[in-house]
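The residues making up each chain are set out below.
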Amino acid sequence: PLSSVLSQELLELCRLYPDPYCRSLRDIFAEINNCQPSEVLVDAGADSLISLCLRCRVSPGDVVVTTAGSYPTLKYFAEGVGAEIVEVPYTKDAATGHLSVDLAGLAAAATKRKAAAVYVANPDNPTGHVQPPDAMLRLRGTMPLSTTLILDEAYIDFAPEMACGWRLPNTVQLRTMSKAYALAGLRVGYWLAEEQWVTKADQIRTQYAINNFSAHVAEKLLADPGYSHALITETVRLRDDLAGRLGGAGLNVMPSATNFVSVLYPSDAEALARQKALWTHGAAVHRPPHPAMHSLLRISAHQLSLQDEVIDALTRKDV
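Residues numbered from 1 in each chain as written. Predicted model: local features only at pLDDT ≥ 70, side-chain atom pairs only at ≥ 80, totals over all residues. Heavy atoms only, no water.

**Considering the pattern of salt bridges**
- Throughout the structure, instances matching the rule amount to 16 salt bridges.
- Linking D240 and R239 is a salt bridge whose minimum nitrogen-to-oxygen distance equals 3.2 Å.
- Classification of R239 as buried rests on a relative accessible area of 9%.
- A salt bridge links D308 to R245, with the shortest nitrogen-to-oxygen separation between them at 3.3 Å. Here R245 lies in helix α9 (residues 225-248) and D308 lies in helix α11 (residues 308-315), a separation of 63 residues in the sequence.
- With relative accessibility at 55%, the residue D308 sits in the exposed group.
- Taken together, the shared-partner salt bridges connect R26, D43, D202 and R205 into one network. (Salt bridge = Lys/Arg side-chain N within 4 Å of Asp/Glu carboxyl O. Buried < 20%, exposed > 50% of the residue type's maximum accessible area, 1.4 Å probe, protein only. Helix = DSSP H or I, 4+ residues; strand = E, 2+ residues; numbered from the N terminus.)

In structure tokens form, the structure reads like this:
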């Protein structure tokens, strides 16, 4: 039956076991990032990489430091390995109310609590804020070397000039093909780290995590730089159009270096009411689960987000 929907080439990929080490993809990612293949590890998306990193580094009772309201999956996985979570609030700009990750606060908490790991998303999810690479270098230099820095760069393709272009000590940089390559459903991600990190992770990670079809499609897209460039360009256009319409309606729109726009509403209740109003139109926007972020809505940069009924639900006065 598969022969009616798949080519002979894809049928052969289904029949064969995949390369458990994804050596071809490692070579490609190493060339893209100007590093050695031994410094690259490929796994089934950024979430799997976060989990793997914590399993490599964190023991029950260890402290993991993160930002209160940042990517929630980190907290789920850290609690799953028995870690104690220490949260540092976002820094809030006095004039605009815009939020950014408090890097000095994270370093101070890591030092005080002798943390096993610190997690930073850059660009940040869900605020969209991005820090320059020298800020990551300062963060690494102001916290204990024994503390692992988990630097989640899932959205870095939308701000490539902000990427750390060098390997920092005891630091794992996470990348994904879910955003700038639109491969979220195929789960392809990788990390960049010192060789000993890759060696250790290969000892404990699930083998064959990347199937042949995912690897095949990823390699095809990576061979065509124009594909990702066009997708990023269009996404940025949609993001900026969306931000302009929402900001023009008087909403507090935070600057974004990602594929989404985040809006801070005056209250948690208003953000929830607008989210519910969108549900009636069959549209879903993300309202982070952390109590500190309940007044924020994150809207994907997509043509559907620019529909009049969506804009109306996000901006009208009578919600």
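**Regarding the packing of helix α3 (residues 45-57) against helix α7 (residues 195-204)**
- Across the interface, α3 lies against α7 with an axial gap of 10 Å and an inter-helix angle of 100°. Considered as vectors, α3 and α7 are oriented roughly perpendicular to each other. Across from L52, C53, R55, C56 and R57 in α3, the residues of α7 making contact are W197, K200, A201 and I204.
- Of the residues contributing to the contact of α3 with α7, the split by class is 6 nonpolar, no polar and 3 charged. (Axes fitted to C-alpha atoms, helices over the stretch in contact; angles between N-to-C directions. Parallel < 35°, antiparallel > 145°, perpendicular 65-115°, else oblique. Contact = heavy atoms within 4.5 Å. Nonpolar A, V, L, I, M, F, W, Y, C, P; charged D, E, K, R; others polar.)

**Quick word on the state of the cysteines**
- Overall, the coordinates contain 0 disulfides when judged by the stated rule.
- Here C164 stays free of any disulfide, with the sulfur of C35 as its closest cysteine sulfur at 13 Å. (Disulfide = S-S within 2.5 Å.)

**Re the layout of surface pockets**
- Considered as a void within the structure, the largest pocket measures approximately 400 Å³ in volume.
- Lining the largest pocket are 20 residues, with I32, N33, D157, R175 and Y190 sitting closest to its centre.
- At the level of elements, α2 (23-32), β8 (171-176), β9 (189-192) and α9 are the ones that each hand at least two residues to the lining of the largest pocket.
- Split by residue class, the lining of the largest pocket holds 12 nonpolar, 4 polar and 4 charged. (1 Å grid on protein atoms, 1.4 Å probe; cavity = no way out; pocket = protein on both sides within 12 Å on 5 of 7 lines; lining within 4 Å. Points joined across faces, edges and corners; volume = space filled by probe spheres on them.)

**Let's talk about helix α6 (residues 133-142)**
- Where α6 is concerned, the buried positions are P133, A135, M136, L139 and R140. Projected onto a plane normal to the axis of α6, the buried residues spread over an arc of 155° and lie on a single side. α6 presents R138, G141 and T142 as exposed residues on the side facing more than 90 degrees away from its buried surface.
- Buried residues along α6 sit against α5 (103-113), β6 (117-121), β7 (148-152) and β8. (Arc of directions from axis to C-beta.)

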